[in-house]
Amino acid sequence: MNTAAAAPDLTPAGDRQAACWIGLMSGTSLDGVDGVLAAFDGDQISVHAHAHRAFEPALRQELLALNTPGPDELHRAALAANALARLYAEVVATLRRACPDAAVRAIGAHGQ
C-alpha cells in the first residue's frame, strides 16, 4: 500500500495550463549546457523548447584542470562558475525567446 502523500499543486488556479518549468544541466562530458522548457499536466509532459550552448575550449580546459590541485583554485573556480552561470543564462534566454508566452514557475540546475 502506498501511503506517500501526493505533492501539493502550488500553481495558481488560473495559470494551470500555462505553467512551465526550465531544467538545465551540464555534465561530466564537458560538452556544454543543455536546457529544456517543459509543461506538466497530470502524468503528461510536453516539451516546448530545448537549447544547447557548447563550452568554449578554454572553459572546458579550466573545468578539467579544477579536478586536480593547483594554484589559485578558489579564484579559478569562481571565474569558471561565473562563466558557467553566463552559459546557463544564455540557454534560459534562448528558451524564453522560443516560448515567450510561457509562464515559467521555476528553473532547476544541478550545477557542474
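Just above, that's the structure.
Keep in mind that what you see is a predicted model, and the values were worked out from it rather than measured.

**Student:** Explain the sheet that holds strand E1 (residues 19–25) residue by residue, including any values.
**Tutor:** Pairing is mixed in the open sheet, where four strands are placed in the order E3-E2-E1-E4. The open sheet is flanked by strand E3 (44–54) and strand E4 (103–109), the only strands paired with a single partner. The mean angle between the axes of side-by-side strands here comes to 20°, regardless of whether they run parallel or antiparallel. Relative to E4, E1 runs parallel, the two sharing six bridges. From the neighbouring strand, Gly23 faces E4, where its bridge partner is Gly108.

**Student:** Explain the side chain of Arg76 residue by residue, including any values.
**Tutor:** Counting through the fold element by element, Arg76 comes out in helix H2 (residues 73–98). The class for Arg76 is buried, based on a relative accessible area of 17%. With residues up to four places along the chain from it excluded, the contact list for Arg76 reads Glu62, Ala65, Leu66, Gly70 and Pro71.

Rules used throughout
Residues numbered from 1 in each chain as written. Predicted model: local features only at pLDDT ≥ 70, side-chain atom pairs only at ≥ 80, totals over all residues. Heavy atoms only, no water. Pairing = 2+ DSSP bridges. Helix = DSSP H or I, 4+ residues; strand = E, 2+ residues; numbered from the N terminus. Axes fitted to C-alpha atoms, helices over the stretch in contact; angles between N-to-C directions. Buried < 20%, exposed > 50% of the residue type's maximum accessible area, 1.4 Å probe, protein only. Contact = heavy atoms within 4.5 Å.

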